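Each chain is listed here by its residues.
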Amino acid sequence: MDAKSEDIRSFLSESLAAEGFAGADARVEAAPGAPGLWGPIGAGELAAWTARLTPETRARYGAAEAKGAAACALAYADSGEAEPFAEPPAASVGRFARDDSYAELAARLARVRDSLRARFGWPKSAVRVLVNSRAPEKPLAALAGLGPVGRNSLVLVHGLGPGVVLGALLLPFDPLADAGSGEESGGLTRPEAADFEPGARCGSCRACVEACPTGAVLESGGIDAARCAQAAASSEDEVPGGVAAAWPSILYGCDRCLAACPFFVPGAPGWQGGAAARTTGPGPAVPLDFLLGASDGELERAFRGTALGLGWMKPSLWRRNAALADASRVRDLASFDARRPLH
Ligand code: B12
Ligand code: SF4
Ligand code: SF4
């Protein structure tokens, strides 16, 4: 790597550290107690990921031009909360949506992108930010050595667990150009095939399988999205009978399969440094009386500017989810078989 590339990598590392991301390998400065972790992806590894994208997605993010990437994980704002999930008379909000962790991660990565462009005079398109994009982000995190994919299909990030949002910067340089291998790699952990196979690193643990109220987490690893309550909560499509019958009193976001994981880190300071500073979201629970009684305008005003105020989420969807949560109060869960056929 020439001096300039070395400079770029150091600057990237410093910029990410300033945004709260510790380095996942020994060559980059650690940020103790940081809410985030990042790891580098080299040109060859990135090419394997790019090759799987559709031509449209590849073009959309300029992935074929990228020479490397930095994958990042950010712990939820209030990942330290270990409170039980809301039950009627309230519906719960997933941790990622309580304070809009996606928006926070995107803002942090945009600042790193802007610093890189300003420092090295790169054009706008040289660095791309991916956060909940149309490109698969879990394999980027695994490629960067942030952690393996668990049986629940979520990346179990070293030190932070599954309670994170993931994102990446696609870069015009290879941050691993001089990494070497083995001892020469400076403590760099490179992923193996098992890190991409959901559950291959989970041993005999089945906690997420047991915690999923709708039977969506597969014993063999991964999820059956047709059974996932969060998949149904995000869609206007009719909710399958088996999913409706086991609805876990959620408004949006579920979290059961990640909160049950032994790698989930209750007590970890999230990006707000704890729950006290929450200001930007709906919080962990919303009263059903409000959700079922409010007008469209009242609901839109309540969620505008939060992760629940996304353009595609309509009052009819919030009301439908709230009605399912309301119905869950009269359900006989003891006799419910989560693995029975859906319809
Ligand atoms: C669609 C989607 C959903 C769907 C379907 C999820 C599913 N598991 O099928 C639904 C609505 C159900 C959902 C729910 C949730 N989601 Co979601 N979701 C996504 C989204 C937008 C796309 C995922 C996807 O289908 N990708 C396409 C498939 C093909 O790829 P993949 O599964 O990601 O990749 C695997 C393989 O294809 C293969 N692979 C693919 N490319 C490559 C390349 C190489 C080189 C290799 C070796 C392998 C490989 O390996 C991968 C790992 O096994 C991502 C964001 C994103 N853009 O990635 C978030 C994302 C996966 N969701 C996330 C979260 C937080 C959730 C919820 C926890 C939200 C909540 N509280 O309710 C739940 C959890 C449910 C669960 N247990 O999965 C996070 C996961 C964070 C983490 N720790 O992993 C993501 C990454 C969003 C983000 N940017 O943070 N989600
Ligand atoms: S998000 Fe909820 S419903 Fe979906 S797989 Fe996880 S526990 Fe099951
Ligand atoms: S709960 Fe257990 S099986 Fe599920 S992802 Fe976590 S470690 Fe793996």
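Residues numbered from 1 in each chain as written. Chains lettered and ligands numbered in written order. Predicted model: local features only at pLDDT ≥ 70, side-chain atom pairs only at ≥ 80, totals over all residues.

1. Quick look at the nonpolar core
Right, so step 1: Formed by 96 residues in total, the largest nonpolar core has its most connected members in Ala-69 and Ala-71.
Right, so step 2: Both domains that meet at this core, namely domain 1 (3–82 + 95–196) and domain 2 (207–261 + 282–335), each give it at least three residues.
Right, so step 3: Setting aside anything within four residues of it in sequence, one finds Ala-69 in contact with Ile-41, Leu-46, Leu-140, Ala-168, Leu-169, Leu-170 and Leu-171. (Core = buried A, V, L, I, M, F, W, Y, C linked by C-beta atoms within 7 Å. Buried ≥ 20, exposed ≤ 12 C-beta atoms within 10 Å, placed from the backbone. Domains from an automatic or database assignment. Contact = placed C-beta atoms within 7 Å.)

2. Brief notes about the site of ligand 3
Right, so step 1: Looking at ligand 3, there are 13 residues lining it, with Gly-150, Cys-202, Cys-205, Cys-208 and Cys-261 nearest.
Right, so step 2: Of the residues in the shell around ligand 3, the class split is eight nonpolar, three polar and two charged.
Right, so step 3: Formed jointly, the shell around ligand 3 draws a minimum of three residues from each of two domains, domain 1 (3–82 + 95–196) and domain 2 (207–261 + 282–335). (Near = placed C-beta within 6 Å. Nonpolar A, V, L, I, M, F, W, Y, C, P; charged D, E, K, R; others polar.)

3. Quick word on the pairing of strand 5 (residues 128–131)
Remember that side chains alternate between the two faces of the sheet whenever the strand is regular.
Right, so step 1: Taking every second residue as pointing to the same face, both faces of strand 5 are buried, with Arg-128 and Leu-130 on one and Val-129 and Val-131 on the other.
Right, so step 2: Examined bridge by bridge, strand 5 and strand 6 (residues 164–171) share four bridges and lie antiparallel to one another. Bridge assignment links Arg-128 to a residue of strand 6, and that residue is Leu-170. (Helix = DSSP H or I, 4+ residues; strand = E, 2+ residues; numbered from the N terminus. Pairing = 2+ DSSP bridges.)

4. Side note on helix 2 (residues 43–50)
Right, so step 1: Considered for burial, the residues of helix 2 that qualify are Glu-45, Leu-46 and Trp-49. Burial along helix 2 is one-sided: seen end-on, the buried residues are contained in an arc of 95°. In helix 2, the exposed residues that point more than 90 degrees away from the buried face are Gly-44 and Ala-48.
Right, so step 2: Packed against the buried residues of helix 2 are strand 2 (36–41), strand 3 (68–75) and helix 6 (138–143). (Arc of directions from axis to C-beta.)

5. Side note on the pairing of strand 6
Right, so step 1: Burial within strand 6 is extensive, with eight of its eight residues counted as buried.
Right, so step 2: Where burial is concerned, the two faces of strand 6 agree: the one with Val-164, Leu-166, Ala-168 and Leu-170 and the one with Val-165, Gly-167, Leu-169 and Leu-171 are both buried.
Right, so step 3: Note that strand 3 and strand 6 share eight bridges and pair antiparallel. Note on strand 6: the bridge partner recorded for Ala-71 is Ala-168.

6. Looking at the site of ligand 1
Right, so step 1: Near ligand 1 lie 36 residues; those nearest to it are Gly-94, Pro-136, Pro-139, Gln-230 and Ala-231.
Right, so step 2: The set of elements that each furnish at least two residues to the shell around ligand 1 consists of helix 2, helix 6, strand 6, helix 8 (229–233) and helix 10 (256–259).
Right, so step 3: At four residues, the largest contribution of residues to the shell around ligand 1 is made by strand 6.
Right, so step 4: Of the residues assigned to the shell around ligand 1, the class counts are 23 nonpolar, nine polar and four charged.
Right, so step 5: Each of domain 1 (3–82 + 95–196) and domain 2 (207–261 + 282–335) gives at least three residues to the shell around ligand 1.

7. Quick look at the sheet that holds strand 3
Right, so step 1: Sheet architecture is open: five strands sit in the order 1-2-3-6-5, paired in mixed fashion. In the strand order of this sheet, the two ends are held by strand 1 (21–23) and strand 5, each with one partner. Averaged over neighbouring strand pairs, the angle between their axes works out to 25° when direction is ignored.
Right, so step 2: In this sheet, strand 3 lies alongside strand 2 in antiparallel orientation, the contact comprising six bridges. Considered in strand 3, the bridge of Trp-38 is made with Cys-72.
Right, so step 3: Sitting on the sheet, helix 5 (residues 101–120) touches strand 3, strand 5 and strand 6, and the angle it makes with strand 6 is about 25°. (Axes fitted to C-alpha atoms, helices over the stretch in contact; angles between N-to-C directions.)

8. Focus on the sheet that holds strand 4 (residues 90–93)
Right, so step 1: Strand order in the open sheet formed by three strands is 7-4-8, and the pairing between neighbours is mixed. In this open sheet, the two strands that pair with only one neighbour each are strand 7 (250–252) and strand 8 (285–287). Going across the sheet, the axis of each strand differs from the next one's by a mean of 35°, ignoring polarity.
Right, so step 2: Docked against the sheet, helix 13 (residues 315–327) engages strand 4 and strand 7, running at close to 165° with respect to strand 7.

9. Comments concerning the environment of Val-165
Right, so step 1: Looking at the element boundaries, Val-165 is found in strand 6.
Right, so step 2: Overall, Val-165 belongs to the buried group, with 23 C-beta atoms counted inside 10 Å.
Right, so step 3: C-alpha separation for the pair Val-165 and Tyr-76, spaced 89 residues apart in sequence, amounts to 7.0 Å.
Right, so step 4: Excluding residues within four positions of it along the chain, Val-165 makes contact with Leu-74, Phe-96, Ser-101, Tyr-102 and Leu-105.

10. A look at the environment of Ala-144
Right, so step 1: Its place among the elements puts Ala-144 in the loop between helix 6 and strand 6.
Right, so step 2: The exposure class of Ala-144 is buried, given the 31 C-beta atoms found within 10 Å.
Right, so step 3: Placed 46 residues apart in sequence, Ala-144 and Arg-190 show a C-alpha to C-alpha distance of 7.2 Å.
Right, so step 4: In contact with Ala-144, not counting residues within four places along its chain, are Ala-24, Gly-39, Pro-40, Ile-41 and Ala-71.

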